[in-house]
Structures are given as C-alpha cells and as structure tokens.
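# Structural features, examined
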Amino acid sequence: MPSYVVVGASRGLGYEWLRQLSSDPTNTVIGLARTPKNVQERLATDKISNVHLIQGDMSDNASLIAAAEEAGKLTGGSLDYLIVNGVSVNYEEHFLSPTDYIGKEDLLTTSMLDSVKVNLIGVIFTINAFLPLVRKSSIKKITVISTGFADRDLAEKSTISFAVTYSSIKAALNVVVAKYAAELKGEGIIFLALSPGVVDTSADKPKQSTEMSPYVKEKVGIMMTDFKRIYPDWVAVPLTPTRSVEMQKGVIDEMTIEKTGAFLSHHGNKNWL
Ligand SMILES: NC(=O)c1ccc[n+]([C@@H]2O[C@H](COP(=O)([O-])OP(=O)(O)OC[C@H]3O[C@@H](n4cnc5c(N)ncnc54)[C@H](OP(=O)(O)O)[C@@H]3O)[C@@H](O)[C@H]2O)c1
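Computed from a prediction, not measured in an experiment: that's the story for all the values here.

### Some words on the overall build of the chain
Looking only at helices and strands, the chain features nine helices and seven strands. What you see for the chain is a C-alpha radius of gyration of 18 Å, in line with the 19 Å of a compact globule of 273 residues. Its C-alpha atoms give the chain principal-axis dimensions of about 50 × 40 × 40 Å. When each of the 273 residues of the chain is scored for burial, the buried share is 50%. Carbon and sulfur atoms make up 55% of the accessible area of the chain, which totals about 13,000 Å². Side-chain charges of the chain comprise 28 positive and 30 negative groups, with the mean position of each set lying 2 Å from the other.

Here it is in structure tokens:
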C-alpha cells in the first residue's frame, strides 16, 4: 500500500498526479492544495473518491506542519513518496528578458522575492515538514518538480532570454535538492529534481495567464523554434499531462539511492524535450 503526497495538486500536473495515482486502489493518495474545496468538486465530477485532500500553502510553514500531521494520521505515520509539484509564476514578468527590467526594478524585485518564497523556501518548508514521515518509510522517495529551463547548458545553447525569475529560482532549487541528497543519503532517502517536459497544462490555468497577446505568442514561437533547432528530432508538440505524469512516474520508480540528488528529465536523462 504505497502512500503518496502531492503538493500543489489543485490543477495541471498536480491534479493529473492525483488522478493517475488514485486509479490504483492500493495507493494511499493525498493531495495538498491551497483551496481544497475546488479540487474536491473536481474529484467528485471525475468520480474519484479515494483521494484525501488537505489544505496546504507552500509559503506557509505552519500550514505544511499541520498538513503533515494530518497526512500521518491517514498513512499510519509514514510516507513513501513526496512529490513537490506546486509553482508560483508571475505572468506579468515571465516573458521579460534581463534588460527589459530596466525601469521595472520594482516588478523584478517583487517577482523574484515571491518566487523565492514559494518555489525555493516553500519547497524547503515542505520537505522539512514531511521528512519525519518519509524517514519512517522503507521507500523514502522525495521528488521536486523542476524544469529544463533550469539547466545551464540548455540556457547557454538557446536564444531564449525570458523566464529569468522562473529559470534561475528553479536552478537554485536543483542545488537545494543536491544539498538534501548530500545530507540524507546515509539515511537512504532518495532525492530527485525532475523536469516534466513541455506539457500543455493551459486548460487548467487561470484565464488571464493563458490569454496570449501577440507579444506572448511571439515569445512562445521563439521558444518552440529554438527548442526545435536544439533538438531537431523533437516533434514540437507539448506532452499531455497524462503522458508527462506517466513518464515522470517511470523515472521516479527507477530512482535508486546511488542516483540521489540527480536532476533528470521525464526521459530519465538530460533530454529536456
Ligand atoms: N507545464 C509545463 O510545461 C512545465 C514545464 C516544466 C516544468 N513544469 C513544472 O511542473 C510543475 C507543475 O506545472 P503546471 O504546468 O501543472 O503548473 P500550473 O498549472 O501553473 O499549476 C501550479 C500548481 O501550483 C499550485 N501552487 C501555486 N502556488 C502555490 C502555493 N503557494 N502553495 C501550494 N501550491 C501552490 C497551484 O495551486 P492554485 O490552484 O492554488 O494556484 C497549482 O496547483 C511546476 O513545478 C512547474 O514548474 C511545468
């Protein structure tokens, strides 16, 4: 009876994790969401009754400690798999390049600090809150969802100059994952920073973040063209959330303590597309 906690499970890839994991009735599946009520309604519509929802905000350490306590009651005091999936992105600045911030210093500062709060410190809060449960498991796998954008080699090869905040904070996150691995390898806890590929999760995003202005369309076009140039064999079609989670799960299942701290793609290597 493996147990899973998915953090940031309200929509997109996080919700897809809940959907897939709950299809095996022997799994104990727990989703953390900032607003569980909305997710509960969606689960009911999808006729999924074996997912436990707990309130949890990655920027609120007290909520995570309380969530871990509640999760422990559902699992009998241990946790096999922790998947930290949630992310905060400010679409007001996501498509800006470094020099676009000239004259927009306040926007840069606010966005960077918000991103650090959720996407970096929030992940550390989350891992530390659930660590006592993971320590009691015999499986002990902690996965943090990263992005290929955080790979410096890809950044150097590409001409994509936007996603400055998102990419740099996720890159820092990859180092944090390696630091956890360095500290806890001796306890047999397996850490992974995992990129899910390019995935179309737009159907679930708030409308204002997916409405593409000509400016954003141009940036996305540049990204797709550049990915295709770097990876000529790529089909240039985003993955579905279903396929991405299937592939991510395959990579997590293959993780061993020898590979702890790795930063891998959904292919289990450094092919980010
Ligand atoms: N989609 C892609 O192509 C892609 C590519 C590379 C990497 N990734 C990574 O994959 C993960 C999922 O991506 P996605 O496309 O599914 O993202 P998404 O659709 O934007 O969903 C983000 C999730 O994070 C949650 N979240 C935001 N702030 C939170 C907080 N403070 N505490 C807890 N949860 C919070 C959101 O919950 P609310 O509903 O409460 O806002 C939502 O469930 C992210 O880590 C992302 O960086 C995605």
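### Details of the nonpolar core
Grouped together as the largest cluster of nonpolar side chains are 52 residues, with contacts concentrated most on V5, L32, L82, I127, F130 and F191. It is helix α4 (residues 105-135) that provides the largest number of residues to this core, a total of nine residues. Filtering out sequence-adjacent residues up to four positions away, L82 remains in contact with V5, V7, T126, I127, F130, K141, I142 and T143. L18, V199, I252 and M255 belong to the second largest nonpolar core, which has 27 residues in total.

### Concerning the environment of L239
Mapped onto the fold, L239 is located in the loop between α8 (214-230) and α9 (241-254). Ignoring any residue separated from it by four or fewer positions in sequence, one finds L239 in contact with P196, G197, V198, V199, D200, S244 and H266.

### Thoughts on the pairing of strand β5 (residues 141-145)
Summarising burial for β5: five of the five residues are buried, a large majority. The pairing of strand β4 (residues 81-84) with β5 spans four bridges and is classified as parallel. Counted as the bridge partner of I83 is T143 from β5. Between the parallel elements β4 and β5, the chain passes through α4 in a crossover that is right-handed. Relative to strand β6 (residues 190-194), β5 runs parallel, the two sharing five bridges. By the bridge assignment, I145 is partnered in β6 with L194.

### Quick look at α4
If you check α4, its first and last C-alpha atoms are 43 Å apart, about what 31 residues at 1.5 Å a residue would give, namely 45 Å. The sharpest bend along α4 comes to roughly 40 degrees, located at G122.

### A short note on unusual backbone geometry
One non-glycine residue, K47, lies in positive phi territory at about 55 degrees. Judged by its relative accessible area of 75%, K47 is exposed. Of note, the phi angle at K140 is positive, near 55 degrees, even though the residue is not glycine. Following the sequence through the fold, K140 ends up in the loop between α4 and β5.

### Topic: the site of the ligand
As a matter of local geometry, the ligand sits amid 24 residues, with S10, R34, Y166, V199 and T201 nearest to it. Taking R11, its side chain carries an N or O atom lying 2.8 Å from an oxygen atom of the ligand. At 2.8 Å, a backbone N or O of V199 approaches an oxygen atom of the ligand. Look at the ligand: alone it shows 900 Å² of surface, and the protein chains cover 89% of it. Put simply, the parts of the chain that give the shell around the ligand at least two residues each are α1 (12-22) and α6 (164-184). Here the residues of the shell around the ligand sort into nine nonpolar, ten polar and five charged.

Calculation notes
- Each chain carries its own residue numbering, running from 1 in the direction its sequence is written.
- A pLDDT threshold of at least 70 governs which residues receive local features in this predicted model, and a stricter bar of 80 or more applies before side-chain atom pairs are shown or counted, although totals over entire chains, interfaces and linings include all residues.
- As a rule here, side-chain values cover all heavy atoms of the structure and leave hydrogens and water aside.
- Numbering goes from the N terminus for both helices and strands, where a helix is a DSSP run of H or I of at least four residues and a strand is a run of E of at least two.
- Only C-alpha atoms enter the radius of gyration, while the globule expectation follows 2.2 Å times N to the 0.38, with N the number of residues.
- The buried label applies to any residue whose accessible area, calculated with a 1.4 Å probe on protein chains only, is under 20% of its type's maximum; exposed applies above 50%, and partly exposed to all values in between.
- Method for areas: the Shrake-Rupley scheme with a 1.4 Å probe, in which residue coverage is limited to the protein chains shown.
- Within this scheme the basic residues Lys and Arg register as positive and the acidic residues Asp and Glu register as negative, but His and the chain ends are omitted.
- Working definition for charges: the position is that of NZ of Lys, CZ of Arg, CG of Asp or CD of Glu.
- Nonpolar cores are built from buried Ala, Val, Leu, Ile, Met, Phe, Trp, Tyr and Cys residues. Side-chain atoms within 4.5 Å join them into one set.
- Contacts: residue pairs with any heavy atoms within 4.5 Å of one another.
- By the convention used here, strands pair only if DSSP detects at least 2 bridges between them.
- We call a crossover right-handed when, viewed with both strands directed away from the observer, the connection leading from the first strand over the helix to the second proceeds clockwise.
- By definition here, a helix of n residues has an expected span of 1.5 Å times n minus one.
- In this scheme, the bend at a residue equals the angle between the axes fitted to the seven residues that finish there and the seven that begin there.
- Whether a residue is near a molecule or strand is decided by its heavy atoms; if any one of them lies within 4 Å of it, the residue is near.
- Polar contact criterion, stated in full: a pair of N or O atoms within 3.5 Å, where within protein one must be able to donate a hydrogen and the other to accept it, and residues adjacent in sequence count only if both atoms are side-chain atoms.
- Under the grouping applied here, Gly and all other residues not named as nonpolar or charged are polar, the nonpolar ones being Ala, Val, Leu, Ile, Met, Phe, Trp, Tyr, Cys and Pro and the charged ones Asp, Glu, Lys and Arg.

In short, the description is geometric, and any link to function would need to be established separately.
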